[in-house]
Amino acid sequence: MDSSSALLVGDLAGVAVFAASGGSAAVGKRLDLFGVVFVGFVAALGGGILRDLVINQVPPLAFADWRYPATAIVASLAVFWLHPHLDRLRRTVLGLDAAGLGLFTVTSTLKALDAGVPAVGSCLLGMLTGIGGGLVRDLLLNEIPVVLRREIYAVASLLGAIAVASLVRLGWGSVLTFTGAALLVFVVRITALYRHWSAPRPRLGGGATTDTG
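Within any chain, residue numbers begin from 1 and follow the written order of that chain's sequence. Whole-chain, interface and lining totals are the exception, using all residues; otherwise, since this is a predicted model, local features are given only for residues with pLDDT of at least 70 and side-chain atom pairs are given and counted only at 80 or more. To get the side-chain values, all heavy atoms of the structure are used, and hydrogens and water are removed first.

Per an unreviewed UniProt entry, the chain carries the name Membrane protein and comes from Catellatospora coxensis. UniProt positions are given in the numbering used here, feature names are shortened, and annotations may be inferred rather than shown by experiment. Recorded in UniProt for the chain, the comment headed Subcellular location (unreviewed entry) runs: "Cell membrane". UniProt lists a comment for the chain under the heading Sequence similarities (unreviewed entry), and it reads "Belongs to the UPF0126 family."

Here you go:
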């Protein structure tokens, strides 16, 4: 598999898991079929649209390549029909979200580098694309976005983006190493959830801390 094919597969896999994540969250809010598909669609493609506009890929792939919206719609529909068989829906959403975060971070960082964006900008764009789907999903469902809570989320994405840029700089880029970078994001995110890692919080008077989680 050449690099362009690997990027396409990774991008579509990210679309599928973020659509499933958005669809699962919408099912949890008891939205109807259209609502589930809409949330899944926007969650899956919102970050990629931002990325494509920044790197001047116009029109964005979400509108130019039928495989992107088709993947998002099919994944959302699958979640709508199969959700009774998804054990513990919240855990499903978190797992899919972590997988989508890793995939989108890696593919978007690579696309930014290929477009000539400097390494620092590519890492930031990779992170923004990774967190964009979850951000839009949570806003649509009237939830505090995950990225604004105490949990390690954007930091996990940024670590993955830095790993990708470093691999490219060292000449070690391959499907295997980039898959490892996506797994790094996934593992950091899931470990942070289960071990309750969090970013520092401001201290209030009397030694108390704010709690936004």
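Alright, that's what it looks like, and here's the rest.
**Q** Describe the nonpolar core, with residues and values.
**A** The tendency in soluble globular proteins is for nonpolar side chains to be buried as a group. If you look at the biggest cluster of nonpolar residues, it comprises 23 residues, and the most contacted ones within it are V15, A44, L45, Y68, A72, I131 and Y153. Helix numbering and strand numbering both begin at the N terminus, where a helix is a DSSP run of H or I of at least 4 residues and a strand a DSSP run of E of at least 2. Breaking this core down by element, the ones donating at least two residues are α1 (3-28), α2 (33-54), α3 (61-64), α4 (67-82), α5 (89-114), α6 (119-140), α7 (154-170) and α8 (175-195). Counting residues per element, this core draws most heavily on α1, at 4 residues. Dropping the residues within four chain positions of it, Y68 is found in contact with L8, D11, L12, V15, L45, L61, A62 and K111. Listed in part, the 10 residues of the second largest apolar core include A26, V36, V79 and V93. Think of a nonpolar core as a cluster: buried Ala, Val, Leu, Ile, Met, Phe, Trp, Tyr and Cys residues, connected wherever their side-chain atoms sit within 4.5 Å. Three exposure classes are used, based on accessible area relative to the maximum for each residue type with a 1.4 Å probe and protein chains only: buried under 20%, partly exposed in between, and exposed over 50%. Any two residues whose heavy atoms approach within 4.5 Å at even a single point are treated as in contact.

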